[in-house]
Each structure stands twice: as C-alpha cells, then as structure tokens.
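# Observations on the three-dimensional arrangement
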Amino acid sequence: PCWRGTTPGETSWQDARTLIEDDETLDNLQTQSEDNTDRVGAAWAQADGDLCCQMFSSDNGETVDFLILQTAPDEELEAVFELYGEPEFLIGETLADDQGLFSLFYTDIPMLIYAFVEGEGGTISESSEVIGFAYMTADLMQELIDTSELHAWEGFATYQDYMDGEFEVTPIPETEEDE
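Per-chain numbering applies: the sequence of each chain, read as written, is numbered from 1 onward. Owing to the predicted nature of the model, reporting of local features is limited to residues with pLDDT of at least 70; listing and counting of side-chain atom pairs is limited to 80 or more, with chain, interface and lining totals taken over all residues. Each side-chain value is worked out from all heavy atoms of the structure, with water and hydrogens disregarded.

### Notes on the overall build of the chain
- Per the convention used, a helix needs a DSSP run of H or I reaching at least four residues, while a strand needs a run of E reaching at least two, with both numbered from the N terminus. Broken down by element type, the chain carries four helices and nine strands.
- Reading the chain from its N terminus to its C terminus gives the helix and strand order α-β-β-β-β-α-β-β-β-β-α-β-α.
- Taking 179 residues into account, the globule formula puts the C-alpha radius of gyration at 16 Å, and the chain, at 17 Å, falls close to it.
- Each principal axis of the C-alpha distribution contributes one length, and for the chain these read about 50 × 45 × 30 Å.
- The Shrake-Rupley method, run with a 1.4 Å probe sphere, supplies the accessible areas, and residue values consider only the shown protein chains as cover. As displayed, the chain has an accessible area near 10300 Å², and 42% of this comes from carbon and sulfur atoms. Radius of gyration here is computed from C-alpha atoms only, and the compact-globule reference equals 2.2 Å multiplied by the residue count raised to the power 0.38.

See below:
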C-alpha cells in the first residue's frame with residue numbers, strides 16, 4: 001500500500017517528510033521522538049483542518065513503518081471490497097451509544113480499514129462508511145495480529161454479533177525465552 005508516494009518499509013523518513021512539506025493541501029507537520037528509543041513520529045493536517053494523519057518510524061527515522069489516516073466518510077466499504085476483497089479479521093470498538101468502529105485487517109496487503117457502524121445495534125455492510133485506514137510493514141502487521149484479540153471475518157453482521165462471539169485470534173503469550 002502507498003499513500004501519496006509513501007510506502008511503509010520502503011520510503012525513507014526524510015522523503016516522506018518532504019512529500020508532506022511540499023504538498024500544499026497539507027499543513028501543520030509536527031514531529032516527535034521518544035527518549036531512549038529509536039521511535040520517531042509525525043502528525044499533520046489537511047490545510048486549514050485538524051490533525052488527521054500520522055506516520056511512525058521504529059528505526060530512528062530511517063524508514064517509514066506505519067501510516068494512519070483519518071478520512072472524510074466519502075467512501076463506503078463496497079469500494080474497498082471491489083478493490084481488495086474481504087478482510088481476514090476485524091475488531092470493534094464502541095465510540096458512543098450510537099457510534100461504533102470496526103477495524104478490518106487485510107493481512108496480506110498489510111492494511112487496516114476503519115469503518116463506521118451505528119453503535120452496538122448497527123450492522124457492518126457494503127454501505128458502511130470508511131473513515132480511515134492504516135498502512136504498515138508486514139512485520140508490524142504480524143506483531144499486531146500476535147498481540148491482539150480478533151474475530152475472523154464472517155461476512156456482514158451486527159456489531160453485537162461479532163463482539164459477543166469468541167475470538168478466533170488471541171495474543172501469543174511471551175515466554176521467558178522471548179524476553
């Protein structure tokens with residue numbers, strides 16, 4: 001996956017920063033690094049908008065590893081399914097009584113799609129609005145799967161049907177050898 005010329009695992013941090021800085025539709029680039037780690041992050045906004053987008057590097061700013069972008073709900077899941085097919089996994093999060101969010105995992109791409117549902121009684125469907133996406137390296141996708149509780153994609157269903165079901169993927173416990 002690629003966003004405006006930035007591909008996780010391939011694009012250098014500096015090249016990605018330059019692409020953002022040179023894009024007149026983007027604004028307010030902010031960067032930050034963590035003390036005692038090799039992690040670097042950046043956030044930015046659409047011109048005259050709120051912060052919406054982030055990228056991260058775990059190799060001291062050598063390469064972009066992860067991009068996450070919030071989008072206006074202009075697209076529906078139907079368009080994503082036409083391009084990429086169905087996801088492998090998903091997990092939901094309640095944002096408010098009338099708002100829920102599903103994260104759909106495309107492990108082979110590696111990408112997450114964030115889709116809106118109308119609360120715990122809402123149904124994920126082809127007309128669910130896409131409100132963001134994340135692109136990452138294959139290693140980060142595997143780490144996310146290894147450390148998350150996820151439901152296998154079983155087609156369109158209510159938020160509650162998925163969330164009340166058993167997780168098909170659960171975190172892999174660390175052993176003393178892993179540490």
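### Details of the environment of Glu126
- Mapped onto the elements, Glu126 comes out in the loop between strand 7 (111–117) and strand 8 (129–136).
- C-alpha separation for the pair Glu126 and Glu76, spaced 50 residues apart in sequence, amounts to 6.5 Å.
- A contact between two residues is defined here by any heavy atoms of the two lying within 4.5 Å. With residues near it in sequence (within four places) discarded, Glu126 still touches Glu76, Leu77, Glu78 and Phe156.

### Considering the environment of Ser128
- Among the structural elements, Ser128 can be located in the loop between strand 7 and strand 8.
- The spacing of Ser128 and Glu75 is 53 residues in sequence and 8.5 Å in space, taken between C-alpha atoms.
- Leave out the neighbours within four places in its chain, and Ser128 touches Glu75, Glu76, Leu77, Ala115, Phe116, Val117 and Thr123.
- As used in this structure description, the phrase polar contact means that two N or O atoms lie within 3.5 Å; if the pair is within protein, one of them must be able to donate a hydrogen and the other to accept it, and residues adjacent in sequence are counted only when both atoms belong to side chains. Within the local environment of Ser128, its side chain forms a polar contact with the backbone nitrogen of Ser125, the two atoms lying 2.9 Å apart.

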